[in-house]
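# Remarks on the overall topology
So you can see what is in the structure, the chains are spelled out below.
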Amino acid sequence: MSPAPLSILIAPDPRLKTRARPVREEDGAAVADLVPRMFAAMYEAPGIGLAAPQVGVGLRLCVIDLQPENVKTPLVLINPSIVAASEDFVTREEGCLSLPNQYADVTRPARVRVRFHDLAGKSQEIDADGLFAACLQHEIDHLDGILFIDRLSPLKRNMILRRLAKEQRQKAAG
Ligand code: GNR
Ligand code: NI
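Keep in mind that this is a model prediction, so the values were computed, not measured. Positions within a chain are numbered from 1, following the residues in the order the chain's sequence is written. Note on labels: chains are lettered from A, ligands numbered from 1, in written order. Two thresholds apply to this predicted model, a pLDDT of at least 70 for residue-level local features and 80 or more for giving and counting side-chain atom pairs, whereas whole-chain, interface and lining totals are computed over all residues. Hydrogens and water molecules were not included; the side-chain quantities draw on all heavy atoms of the structure.

## Thoughts on the site of ligand 1
Keep this limit in mind: We call a residue near a molecule or strand when any one of its heavy atoms sits within 4 Å of it. Pairs of N or O atoms are called polar contacts if they sit within 3.5 Å, as long as, within protein, a hydrogen donor faces a hydrogen acceptor (for residues adjacent in sequence, only side-chain-to-side-chain pairs). Surface accessibility in these figures is a Shrake-Rupley result with a 1.4 Å probe; residues are shielded only by whichever protein chains are displayed.
Looking at ligand 1, there are 13 residues lining it, with Ile48, Gln54, Leu97, Glu139 and His142 nearest. With respect to ligand 1, the side chain of glutamate 139 contributes an N or O atom lying 2.7 Å from a nitrogen atom. The separation between an oxygen atom of ligand 1 and a polar side-chain atom of histidine 142 is 2.9 Å. Relative to its free-state accessible area of 390 Å², ligand 1 is covered by the protein chains to the extent of 90%.

## Focus: the environment of aspartate 127
As a reminder of what qualifies: Secondary structure elements are defined from DSSP: runs of H or I of at least 4 residues count as helices, runs of E of at least 2 residues count as strands, and each element is numbered from the N terminus. Relative accessibility under 20% of the residue-type maximum defines a buried residue, over 50% an exposed one, and the middle range a partly exposed one, all with a 1.4 Å probe and only protein chains included.
Position of aspartate 127 among the secondary structure elements: in strand 7 (residues 123–128). What makes aspartate 127 exposed here is its relative accessible area of 54%. Taking the C-alpha atoms as reference points, aspartate 127 and valine 55, separated by 72 residues in sequence, lie 27 Å from one another. Side chain to side chain, aspartate 127 and arginine 113 meet in a polar contact 2.8 Å long.

## So, the packing of aromatic side chains
Condition: Pairing of aromatic rings covers Phe, Tyr and Trp, the last counted by its six-membered ring, and requires centre-to-centre distances within 6.5 Å; plane angles under 30 degrees mean stacked, over 60 mean edge-to-face, and any other angle means tilted. By definition here, charges over rings are those cases where NZ of Lys or CZ of Arg is within 6 Å of the ring centre and within 35 degrees of the ring normal.
Scanning the entire structure with this criterion turns up 1 aromatic pair. Between phenylalanine 39 and tyrosine 43 the ring centres are 5.8 Å apart and the planes differ by 20 degrees, which places this aromatic pair in the stacked class. In this pair, phenylalanine 39 and tyrosine 43 both sit in helix 1 (residues 28–44), 4 residues apart, roughly one turn of the helix. Geometry around tyrosine 43 places lysine 72 over its ring, the cationic atom sitting 4.0 Å from the centre.

## Brief notes about unusual backbone geometry
For the peptide bond that leads from alanine 11 to proline 12, omega is -5 degrees, which places it in the cis range. Secondary-structure assignment places proline 12 in the segment before helix 1. The omega angle of the peptide bond from alanine 45 to proline 46 is -10 degrees, so this bond is cis rather than trans. With a phi close to 60 degrees, asparagine 70 is a non-glycine residue in the positive phi region. In this fold, asparagine 70 is placed in the loop between strand 2 (61–64) and strand 3 (75–85). For asparagine 70, a relative accessible area of 73% gives the class exposed. A positive phi is found at asparagine 79, a non-glycine position, where the angle reads about 50 degrees. With respect to the helices and strands, asparagine 79 occurs in strand 3. For asparagine 79, a relative accessible area of 25% puts it in the partly exposed group.

Take a look at the structure:
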């Protein structure tokens, strides 16, 4: 049986602007229920990452799958943190499932080292560059209540928020 996908919150929703709390041992059952449903929502969207706050859950947890060569490569990151970032920055176009249809160039460190716990509770570290590095930073931002538009100028941010609101209004009106 495939798990019921969770619905993804769309900005502006105050839950997307709220800092998530660390996952603790006693959250194990909730996390075990949540993770398959987050993957279901992410694959259905489709997207390459999804953070728990995007489905209304204020826990420091995200899922990522870049599907290299179209092969599913699911990654669960519990309490992820950036422990090192490169001094050089790169700019790439980002999108977000909570800002559907909106894209902008975002500048971030080119490479990051991220420490996290896996589903088995084991501490892990990964080094990432390229799209993987951008995605990791994008997801960890969500855990801090930060959207990619918060890394743009206020002018660009407001243009995107207005365009999104208009598109969502039109969608609701049919
Ligand atoms: O699907 C997504 N694509 C993407 C592209 C560039 C940089 C980051 C991302 S993450 C995004 C899914 C999402 O909203 N995750 O929070
Ligand atoms: Ni996002």
